Protein chains: 2
Amino acid sequence: MKKLMLIAALLMTTLALQAQQALQFRAPVISPEINPDNTVTFRYRNPKAVSVKISGDFLPDRTVVDMVEGPDGVWSYTTAPLEGELYLYNFIVNGERRNDPANMYMNRDIATWTSFFTMSAKQGDKGWYYETHDVPHGTLLKTWYHSDKLGADRRVSIYTPPGYEKGKAKYPVLYLLHGSGGDEDAWADLGRTVQILDNLIAEGKAKPMLVVMPNGVFYNNAAPGYAVNMFQPTMANSRSDSTVEIEQSFPDLIAFVESTYRVEKGRKNRAIAGLSMGARQSCAVSRAHPGTFGYIGMFSGAVPADTPEAEAALARQMDPKVAPYLYWIGVGSADGVRVNSLKLKNYCEQKGYPVEYYESDGGHVWRNWRVYLTVFAQKIFK
Amino acid sequence: MKKLMLIAALLMTTLALQAQQALQFRAPVISPEINPDNTVTFRYRNPKAVSVKISGDFLPDRTVVDMVEGPDGVWSYTTAPLEGELYLYNFIVNGERRNDPANMYMNRDIATWTSFFTMSAKQGDKGWYYETHDVPHGTLLKTWYHSDKLGADRRVSIYTPPGYEKGKAKYPVLYLLHGSGGDEDAWADLGRTVQILDNLIAEGKAKPMLVVMPNGVFYNNAAPGYAVNMFQPTMANSRSDSTVEIEQSFPDLIAFVESTYRVEKGRKNRAIAGLSMGARQSCAVSRAHPGTFGYIGMFSGAVPADTPEAEAALARQMDPKVAPYLYWIGVGSADGVRVNSLKLKNYCEQKGYPVEYYESDGGHVWRNWRVYLTVFAQKIFK
């Protein structure tokens, strides 16, 4: 059954959030509205605006389309029928980007907030996994661990599966790494990790597991708002220069997890995966610590073994005595990093190393990383 | 030492968040900027804007002031020197409210997102407690419990103190309730509960404790984005109509906490407090379950005992065999609910019931509730 996600018109609701702020009155527009035919209508009330456009990932690549002004200064746009998915969008008002003021669902990606909505066209499609359902729920922890190597307390998000608190079982652990400029909140917020894992576990499609989502930028110990010094994140300079530090300090994180939570040890019970910079870190960390991880996932960011050092490290990692059970590369057909993913895949095949390659549509985007997590999580610890 | 919180100009940082979205270039403005004299400068670049104003809780009640356009279309405003605090603000551009696009720090209150920043003028002042410092950190859990009474799984935020994971100690529990239209995320996000508790515990000013922050709107089982059906929250109809259900279902929450976490039982080890609607619920829940809570806090929302039923319930609660060790009423001098707080205080004094009354400046606002939590947390379990 389809969900109507954003209901209840707020008729002139007084948003008197605090006495010192100007009162806010919300115009009676509903936006977005998911229609019975799976089209979606966006509305924005601004009688003074000269130009209102919309940008969203339901539109073809980088398209920006005009919204049309109707009576009462309400601008609107209706999409084609959409498949189930988590969609991001924003308005462009007189040339300036802004969020949809009628929609309070927003996600932060690095330093930018974007309006979003989820829809599930039918149970079991992509969008369905990103929504909360009436299934047993795990817990999301925001906690801190100490890294001697980095000389700091660092914040980490950890998913524990349903039943963890009251049970006695030990669980395997997936270490899940974010991309450039991101932080320990990214996979839970933009990646919908909690919902995906809860739903996959409820369906029996994934093993119950812990998912450990650390901060992968070595000079940031916590997401903005939670660090000792607040800062504005940026993608600049974080493309690869955290890899060595994260690689060297990873044993501190594993030691913390394995001494603090009820988890199984050994490569059979450890997976590592990441997106973009986090994919390169998964490559590097697993090459630097052969035999540590039995399942390795590179989402849009595999590093080819194209130097003698990388070839040797990969060879050590692929030694049959310690080789991973799964070496998984996922990438979008339109992603600029596809060439490197293919290079690593081809090199592995040529060397006879086990490798799985998964290509989806689209580019270097969260909608692909949510899919890769959904696919990868079903393949590990089995 | 003063913190400069928002640093690092992002010079033309390409925010290519996703290939399908239009690229965003960020203008090189820093906003807000905390100046050495504790004034704060806000900047907003929009050469096409006709009018730009700013509203913020550093301005006198409900004032909206003009920003001044400078060269290059950058509008700016500089405050008077400010004390340490968490400040909320927004811009009003051509009559339309919007957040500061140069500041990624935003807080959601009910259905509205507002830009914020924190500053600490000196260690130990209010603002200092709301920031993360290099002290031992507790953990924030987002988990779910089942309420038979409400027939639903419900999401709850729980703070566990530093050392909880690896220790053996049992801890007392503060149940901390949000206001109308709020949810289980409010106290952690707007209330800065984690930072306040970490800092108070590090200074030895508060006992290590768990803080349990449930959803106090009985027909919402989780915050928006985490509920089975996504919804837009509203303050309408949530002013008091959850009280009976929350009162009746509270034993389900206590049973969950006491069977799941390492906590002490008995009224010596249970506190309940809340803001606004949550204050009324703290009144109601503690009257309905006399002897359950040893410490009761009403932040801007005490309910007078002005009916025979309420008088009798309060009398049962204040029976010396089960009476609370602390019955604490906090309210702002400009708050419309002050009259009820005073009524309850005066009634208690007249009856000889122990009561503590704390009056601060200002009205029905989060900056008061953070103060009340900071004060109340130091008084309980001692």
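Nothing here was measured: the structure is a model prediction, and the numbers come from that model. Here, residues in each chain are numbered from 1, in the same order as that chain's written sequence. Lettering of chains starts at A and numbering of ligands starts at 1, both following the order in which they are written. Totals for whole chains, interfaces and linings use all residues, but because this is a predicted model, local features are given only for residues with pLDDT of at least 70 and pairs of side-chain atoms are given and counted only at 80 or more.

The helix count covers DSSP runs of H or I at least four residues long, the strand count covers runs of E at least two residues long, and both are numbered beginning at the N terminus. Across its full length, chain A carries 8 helices and 18 strands. With C-alpha atoms as the basis for the radius of gyration, the globule rule is written as 2.2 Å multiplied by the number of residues raised to the power 0.38. Taking 21 Å as the expected radius of gyration for a compact globule of 382 residues, we find that chain A reaches 22 Å, a close match to that expectation. If one aligns the C-alpha atoms of chain A with their principal axes, the spans along those axes are about 70 × 45 × 40 Å. Counts of 20 or more other C-beta atoms within 10 Å of a residue's own C-beta define buried residues, counts of 12 or fewer define exposed ones, and intermediate counts define partly exposed ones; C-beta atoms are placed from the backbone. Counting across all 382 residues of chain A, residues that qualify as buried make up 54%. Any pair of residues counts as being in contact when their C-beta atoms, constructed from backbone geometry, are within 7 Å of one another. Residue pairs at least 24 apart in sequence account for 70% of intrachain contacts in chain A once pairs closer than 6 positions are excluded.

The next point concerns the pairing of strand β9 (residues 106–109) of chain A. Residues and elements named next belong to chain A. When DSSP finds two or more bridges between a pair of strands, those strands are recorded as paired. Looking at chain direction, β9 and strand β10 (residues 112–119) are connected through 4 bridges and run antiparallel. The residue of β10 that forms the bridge with Asp109 is Thr112. Joining the antiparallel neighbours β9 and β10 is a turn of 2 residues, in which Ile110 adopts a positive phi near 60 degrees.

Once that is clear, we can look at the environment of Lys345(B). Residue and element names in this part refer to chain B. Of note, Lys345 is situated in helix α7 (residues 338–351). Spatially, the C-alpha atoms of Lys345 and Trp75 are 48 Å apart, while their sequence positions differ by 270 residues. Not counting the four nearest positions on each side in its chain, Lys345 is found in contact with Ile329, Val355 and Tyr357.

Okay, the environment of Phe256(B) next. Tracing the sequence through the fold places Phe256(B) in helix α4 (residues 243–260). Taking the C-alpha atoms as reference points, Phe256(B) and Lys126(B), separated by 130 residues in sequence, lie 33 Å from one another.

Residues and elements named next belong to chain A. Spatial strand order, β1-β2-β6-β5: 4 strands in an open sheet with antiparallel pairing. The strands lining the two open edges of the sheet, one partner per strand, are β1 (33–34) and β5 (68–69). Here 5 bridges tie strand β2 (residues 40–45) to strand β6 (residues 74–78), and the two strands are oriented antiparallel to one another. When the sheet's bridge partners are listed, Arg45 is paired in β6 with Val74.

Moving on: the sheet that holds strand β5 (residues 68–69) of chain B. Residues and elements named next belong to chain B. Across the sheet, 4 strands lie side by side as β1-β2-β6-β5; this open sheet has antiparallel pairing. Of all the strands in the sheet, the pair left with one neighbour each is β1 (33–34) and β5. The pairing of β5 with strand β6 (residues 74–78) spans 2 bridges and is antiparallel. Across the sheet, the residue bridging to Val68 is Ser76, located in β6.

Here the focus is the confidence of the model for chain A. Residues and elements named next belong to chain A. Of the residues in chain A, 91% have a pLDDT of 70 or more, and the chain-wide mean is 90. Segment residues 1–27: pLDDT under 50, and 68 contacts once partners within four positions in sequence are set aside and those in other chains are kept. The ipTM value of the predicted complex is 0.92, and its pTM value is 0.93. Every residue gets a pLDDT, meaning the predictor's confidence in that residue, from 0 to 100.

Counting 199 residues, the largest nonpolar core has Val212(A) and Val212(B) as the members making the most contacts within it. With sequence-adjacent residues up to four places away left out, Val212(A) is seen in contact with Val156(A), Ile158(A), Val173(A), Tyr175(A), Leu176(A) and Val257(A). Here a nonpolar core is just a set of buried residues of the types Ala, Val, Leu, Ile, Met, Phe, Trp, Tyr and Cys, joined wherever their C-beta atoms sit within 7 Å.

Here the focus is helix α4 (residues 243–260) of chain A. Residue and element names in this part refer to chain A. Take the residue count of a helix, subtract one, and multiply by 1.5 Å to get its expected span. The terminal C-alpha atoms of α4, which comprises 18 residues, lie 25 Å apart, in line with the 26 Å expected from a rise of 1.5 Å per residue. Throughout, the bend at a residue refers to the angle made by two axes, fitted to the seven residues ending there and to the seven starting there. The largest bend along α4 measures about 40 degrees and falls at Ser249, with the proline Pro251 one to four residues further on. Among all positions of α4, only Ile246, Ser249, Phe250, Leu253, Ile254, Phe256 and Val257 are buried. Structurally, α4 contributes buried residues whose contacts are with β11 (139–147), β13 (173–177), β14 (210–214) and α5 (277–288).

Quick look at the packing of α4(A) against α5(A) now. Residue and element names in this part refer to chain A. Axis definition: a line fit to C-alpha positions, over the contact stretch in the case of helices; interaxial angles, taken between N-to-C directions, run 0 to 180 degrees. Packing of α4 against α5 leaves a shortest axis separation of 9 Å and a crossing angle of 45 degrees. Viewed along their axes, α4 and α5 adopt a mutual orientation that is oblique. Relative to α5, α4 is oriented so that their crossing is right-handed. Contacts between α4 and α5 involve Thr243, Ile246, Glu247 and Phe250 from the former and Arg280, Gln281, Ala284, Val285 and Ala288 from the latter. Throughout, the ten residues Ala, Val, Leu, Ile, Met, Phe, Trp, Tyr, Cys and Pro are labelled nonpolar, Asp, Glu, Lys and Arg are labelled charged, and all others, Gly among them, are labelled polar. Among the residues forming the contact of α4 with α5, the class breakdown is 5 nonpolar, 2 polar and 2 charged. For classification purposes, angles smaller than 35 degrees are called roughly parallel, those larger than 145 roughly antiparallel, those between 65 and 115 roughly perpendicular, and all remaining angles oblique. For a crossing to be left-handed, the near helix must be turned anticlockwise from the far one by less than a right angle; the clockwise case is right-handed.

A few words on unusual backbone geometry. Cis rather than trans, the peptide bond between Ser31(A) and Pro32(A) has omega equal to -10 degrees. One can find Pro32(A) in the segment before β1. The backbone phi angle of Ile110(B) is positive, close to 60 degrees, even though this residue is not glycine. One can find Ile110(B) in the loop between β9 (106–109) and β10 (112–119). A tally of 22 C-beta atoms within 10 Å means that Ile110(B) is categorised as buried. Although it is not a glycine, Ser300(B) sits at a positive phi angle of roughly 60 degrees. With 30 C-beta atoms packed within 10 Å, Ser300(B) lands in the buried category.

Bringing helix α7 (residues 338–351) of chain A into the picture now. All names here are of chain A. In this model, α7 (14 residues) spans 20 Å end to end at C-alpha, consistent with the 20 Å of a helix rising 1.5 Å per residue. Within α7, the full set of buried residues consists of Asn340, Ser341, Leu344, Lys345 and Cys348. Viewed end-on, α7 has its buried residues packed into an arc of 135 degrees, placing them on one side of the element. Turned more than 90 degrees off the buried face of α7, the exposed positions are Val339, Glu349 and Gln350. Here the arc refers to the directions that run from the helix axis out to each C-beta atom.

Residues and elements named next belong to chain A. These domain limits were set by an automatic method or by a database of domain assignments. Taken domain by domain, chain A holds domain 1 (33–129) and domain 2 (139–377). Centre-to-centre separation of domain 1 and domain 2, based on C-alpha positions: 31 Å. Facing 10 residues of domain 1, the contacting portion of domain 2 comprises 16 residues. Elements supplying a minimum of two residues to the side of domain 1 that touches domain 2: β7 (85–93), β9 and α1 (126–129).

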